[in-house]
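Observations on chain architecture
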Amino acid sequence: MECKSHSHGPLRHHGHSWPDTYEDKDLLKEQDVVPLVEDYSTFDIVKATQYGLLERCQELVEAGYDVRQPDKENVTLLHWAAINNRLDLVKFFISKGAVVDQLGGDLNSTPLHWAIRQGHLSMVILLLKLGADSTLIDGEGYSSLHLAVLFQHMPIIAYLIAKGQSVDTTDRNGQTPLMLSSHKVIGLEPTKFLLKFNPSIKAVDNIEKNTALHWAITAENVNAIDVLLEVGSSLDIKNAKGYRPLDLAHQTKNRLIIHLLSEEERTRARRTSRFLRVVEKNEFLLLIVSSLVLIWTIGYVVDLNSDSWLLKGSLLLFLSAILSVFARLFIGYNKLKYFPVAFMLGSLFWISWTCFIYFLPDFPTTISQLPFFFGIVGLFYYFYKTVRVDPGYIKSTEEEIKKNIINLAETGSLDFRTFCTSCLVKKPLRSFHCHSCNSCVARYDQHCIWVGQCIGVGNHSYFLLFLIFLTIVNIWAIYGTILYWSEHCTTTYQQDGAWTSFTQIVSCSPWVLYIFTIVCFHTSWATLLLVLQLYQIIFLGLTSHERITLWKQNKRSKHPVSLRKTPYNHGCLQNIADFFQCRCFGMFKPNIIDWTKQYTLRFHSLKEWNTV
Ligand SMILES: [Zn+2]
Ligand SMILES: [Zn+2]
């Protein structure tokens, strides 16, 4: 009837990722109960410790048992209490003279080492409070931090570092935790997690003189190699045998690893060329210029004074081939995510140009021309504001992060649901971690590809105004096109039928038709987005992210919740006032909430909020 975890020493298997570990070991500890059928009064002190029977232990200690006495496997009571997360017993044994850093067991470890192997964060906190030394090394040569990395207990890694354990602490062979995780932990998580604490990527161990990158290659740990290259690990450091990382990669004969390293070496070599450095610095500008040229060239080819669409088609194919070569040569892969922004800006330029040259002369009065000028100015102004204003990135200094981790861990709330393991900050309410921006964003709405920026509490209103002006310009351009066709193309739909009037329009000005297609494309997404945004903001008081999450939850749940019944919906007028933070000459009282620091729903009654 004896449960394995009560009687065995530290397990040697690797632990789970953060969420599992946290829930398994600490949240569920209430279920870890004493068997009902057995008679505790016959338990010896080791068994009583394993089951957490404080009274029985007190009884035996009162009767003269020496708490420092190790059992025949050289394990002390404190070890058993630590591995089974018996906090009361640890306090009791220490009060009776147990030595907190007592070495014991096969691996010559301290109780702290045992608690770490099991992932008991609360026990680690207690033992450190009671004076345990986290720098001690066990029989295998590992320090506490190394063990936490090896068993992938992220909250413990965070806590140990926050408590002042150096992230570059070395084991018996001079290996840092980063080298260990690159070498022994195949999952991406601990390596990525350690890198957030700025460990040395140049450090080498005492024996092989390998860097973390060397170790990752030796273990063919592709995940680790990838992140280590990303943070700029050196490709030139030679190990004790004189091998550089690429030499080691060739020895593994792993094609993917060889490709990763040689590709990185090529990229870095390119940076030595002055010309290519300038290009890299101005990649975004280059992207916009190329999209301007591209849109114009396509229009030019389409507009060519030739009836042969075969010729035009081949020219377009040729053009796309040149363009893809150009993009590969000069524009980095990571900048290609800005392609939609560049395309939008480029096309907006040509739309405005077409409006000026082709459409404006057809508008008789200045008043009918006004919406266009008004729209263009507003559009570019609010685009600029959306991109330049901080959307609400949650920032923290290293000191604040460490203080925060200690605070959360010691109050038992270092919980992955409210703690961002990428930014190492407690997530404010309504915030979300954006992977493109690699930051948590306050009152997150979405990462919009058309502006290449996150939309959060800081720039959401500018984004909405940008969409409004974009729609105005688009609608004006559509109206202008129709007017142009009726003035300049000698055909009408009523007279000639659909097909003839279409061919007439094409031959009348292919350029105008081409720009019209682009305008229609922009109109479709911008209008859809605008309608959705207005609906969410005015009628729901929600962000896009919240609406989608709730909608998904409702699809799974047996008790769907109305999207309108959330604590963020205060009625249409109040929602608008809150969104724009406008008082309208004292007519409204907007709720002033700093969403970068709001962690609870305490600002509002919770009665309506019943999503679960
Ligand atoms: Zn984050
Ligand atoms: Zn983002």
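The protein is annotated in an unreviewed UniProt entry as Palmitoyltransferase of Anolis carolinensis. Its UniProt record, at the heading Catalytic activity (unreviewed entry), says of the protein: "L-cysteinyl-[protein] + hexadecanoyl-CoA = S-hexadecanoyl-L-cysteinyl-[protein] + CoA".

Details of the coordination of the zinc ion (ligand 2)
Summarising the metal site, the zinc ion (ligand 2) is bound by the protein donors Cys434 (SG), Cys437 (SG), His447 (ND1) and Cys454 (SG), whose distances to it range over 2.1 to 2.3 Å. One way to put it: the 4 donor atoms around the zinc ion (ligand 2) meet at angles of 103 to 118°, and that makes the site tetrahedral. On the primary sequence, the residues serving as donors to the zinc ion (ligand 2) are separated as C-x2-C-x9-H-x6-C. Of the two residues, Cys437 is situated in the loop between strand S3 (432-434) and strand S4 (439-441) and Cys454 in strand S6 (residues 453-455); the sequence distance between them amounts to 17 residues.

Observations regarding the packing of aromatic side chains
Summed over the entire model, instances satisfying the criterion amount to 33 aromatic pairs. Ring centres 5.6 Å apart and planes at 85° place the aromatic pair Trp80 and Trp114 in the edge-to-face group. Of this pair, Trp80 sits in helix H5 (residues 77-83) while Trp114 sits in helix H7 (residues 111-118), and the two are 34 residues apart along the sequence. For the residue pair Trp80 and Trp114, the accessibility class agrees, reading buried in each case. Ring geometry for Tyr535 against Phe539: centres 6.3 Å apart, planes inclined by 35°, an arrangement best described as tilted. Placement of both Tyr535 and Phe539 in helix H25 (residues 510-540) is noted, with a separation of 4 residues, approximately one turn of the helix. Residue classification places Tyr535 among the partly exposed positions, given a relative accessible area of 37%.

Description of the packing of helix H20 (residues 339-359) against H25
Direction vectors running N to C along H20 and H25 enclose 130°, while the axes themselves pass 10 Å from each other. In this view, H20 runs oblique relative to H25, as classed from their interaxial angle. By crossing handedness, the relation of H20 to H25 is classed as left-handed. Of the residues in H25, those touching H20 at Phe343, Met344, Ser347, Trp350, Ile351, Trp353, Thr354, Tyr358 and Phe359 are Trp511, Val512, Ile515, Ile518, Val519, Phe521, His522 and Trp525. Looking at side-chain class alone, the contact of H20 with H25 contains 14 nonpolar, 3 polar and no charged residues.

Examining the packing of H20 against helix H23 (residues 460-488)
The geometry of H20 relative to H23 is characterised by a closest axis approach of 11 Å and an angle of 40° between their N-to-C directions. When the interaxial angle is binned, H20 and H23 end up oblique. Along this stretch, H20 crosses H23, giving a crossing that reads as left-handed. Here Met344, Leu348, Ile351, Cys355, Tyr358 and Phe359 of H20 come into contact with H23, specifically with Phe466, Leu470, Trp476, Ala477, Gly480, Thr481 and Tyr484. Its residues assigned to classes, the contact of H20 with H23 comprises 11 nonpolar, 2 polar and no charged.

A look at the coordination of the zinc ion (ligand 1)
Binding of the zinc ion (ligand 1) to the protein goes through Cys420 (SG), Cys423 (SG), His433 (ND1) and Cys440 (SG), at separations of 2.0 to 2.3 Å. Coordination at the zinc ion (ligand 1) is tetrahedral, judged from the 4 donor atoms that bind it and the angles of 100 to 122° they form at the metal. Linear spacing of the donor residues for the zinc ion (ligand 1) on their chain is C-x2-C-x9-H-x6-C. Placement of the pair is Cys423 in the loop between strand S1 (419-420) and strand S2 (425-426) and His433 in strand S3, with a sequence separation of 10 residues. Considered together, Cys423 and His433 belong to a single accessibility category, that of buried residues.

Some remarks on the UniProt feature "transmembrane region" (unreviewed entry) in the protein
The UniProt feature table records "transmembrane region" (unreviewed entry) at residues 284-302, 314-331, 338-360, 366-384, 462-485 and 511-532. End C-alpha to end C-alpha, residues 338-360 measures 31 Å, and it is 91% helix and 0% strand. As a span, residues 511-532 carries 100% helix and 0% strand, and end to end its C-alpha atoms are 32 Å apart.

Things to note about the side chain of Gln175
Structurally, Gln175 is set in the loop between helix H10 (154-162) and helix H11 (177-184). Judged by its relative accessible area of 8%, Gln175 falls in the buried class. Ignoring any residue separated from it by four or fewer positions in sequence, one finds Gln175 in contact with His146, Thr169, Thr170, Leu180, His183, Asp205 and Trp215.

Concerning the environment of Val185
Note that Val185 resides in the loop between H11 and helix H12 (189-195). Residue classification places Val185 among the buried residues on the basis of a relative accessible area of 0%. On a C-alpha basis, the gap between Val185 and Phe151 in space is 8.5 Å, while along the polypeptide they are 34 residues apart. If sequence neighbours within four positions are ignored, Val185 has contacts with Val149, Leu150, Gln152, Leu180, Pro190 and Asn221.

Re helix H22 (residues 398-410)
For H22, spanning 13 residues, the distance from its first C-alpha to its last is 18 Å, which sits close to the expected 18 Å at 1.5 Å a residue. The inward-facing, buried residues of H22 abut helix H8 (121-129), H10, S1 and S2. Looking at the residues trailing H22, positive phi occurs at Gly412, about 75°.

Topic: the nonpolar core
One finds Phe93, Val124, Leu127, Ile157 and Leu261 to be the most contacted residues of the largest nonpolar core, which totals 84 residues. Apart from the residues within four sequence positions on either side, Leu261 is in contact with Leu213, Ile217, Leu229, Leu235, Pro245, Leu246 and Ala249. Among the nonpolar cores identified, the runner-up in size contains 52 residues, and Leu348, Cys448, Trp485 and Ala526 belong to it.

What to know about the confidence of the model for the protein
Per-residue pLDDT for the protein averages 83, and the proportion of residues at 70 or more is 90%. Predicted confidence for residues 1-31 stays below pLDDT 50, and this span has 77 contacts to residues more than four positions away or in other chains.

Conventions adopted
- Along every chain, residues carry numbers that run from 1 in the direction the sequence is written.
- Just so you know, chain letters begin at A and ligand numbers begin at 1, following the order they were written in.
- Only residues with pLDDT of at least 70 are given local features in this predicted model, and only at 80 or more are side-chain atom pairs given and counted; all residues enter the totals for whole chains, interfaces and linings.
- To obtain the side-chain values, all non-hydrogen atoms of the structure were used and water was disregarded.
- UniProt positions are given in the numbering used here, feature names are shortened, and annotations may be inferred rather than shown by experiment.
- The donor definition counts N, O and S atoms within 2.8 Å of each metal and applies 3.2 Å to Na, K and Ca; water is not among these atoms, so some sites may look incomplete.
- Note on geometry labels: four donors, all angles 85 to 135 degrees, give tetrahedral; four donors become square planar and six octahedral when opposite donors are over 155 degrees apart and every other angle is between 65 and 115; remaining cases are irregular.
- Strands here are runs of E lasting at least two residues and helices are runs of H or I lasting at least four, both read from the DSSP assignment and numbered beginning at the N terminus.
- Each aromatic pair joins two rings of Phe, Tyr and Trp (for Trp, the six-membered one) with centres within 6.5 Å, and gets the label stacked for planes under 30 degrees apart, edge-to-face for over 60, and tilted for any other angle.
- Each residue gets one of three labels from its accessible area relative to the maximum for its type: buried under 20%, exposed over 50%, partly exposed in between, using a 1.4 Å probe on protein chains only.
- Each axis is a line fitted through C-alpha atoms, and for a helix only the stretch in contact is used; angles between axes span 0 to 180 degrees, taken between their N-to-C directions.
- An angle below 35 degrees is treated as roughly parallel, one above 145 as roughly antiparallel, one from 65 to 115 as roughly perpendicular, and anything else as oblique.
- Less than a right angle of anticlockwise turn of the near helix away from the far helix marks a crossing as left-handed, whereas a clockwise turn marks it as right-handed.
- Contact criterion: two residues are considered in contact whenever any of their non-hydrogen atoms come within 4.5 Å of each other.
- Just so you know the grouping, Ala, Val, Leu, Ile, Met, Phe, Trp, Tyr, Cys and Pro go in nonpolar, Asp, Glu, Lys and Arg go in charged, and all remaining residues, Gly too, go in polar.
- A helix's residues, less one, multiplied by 1.5 Å, set its expected span.
- Throughout, nonpolar core names a set of buried Ala, Val, Leu, Ile, Met, Phe, Trp, Tyr and Cys residues whose side chains join them through atoms within 4.5 Å.
- Values of pLDDT, which run from 0 to 100, indicate the predictor's confidence residue by residue.

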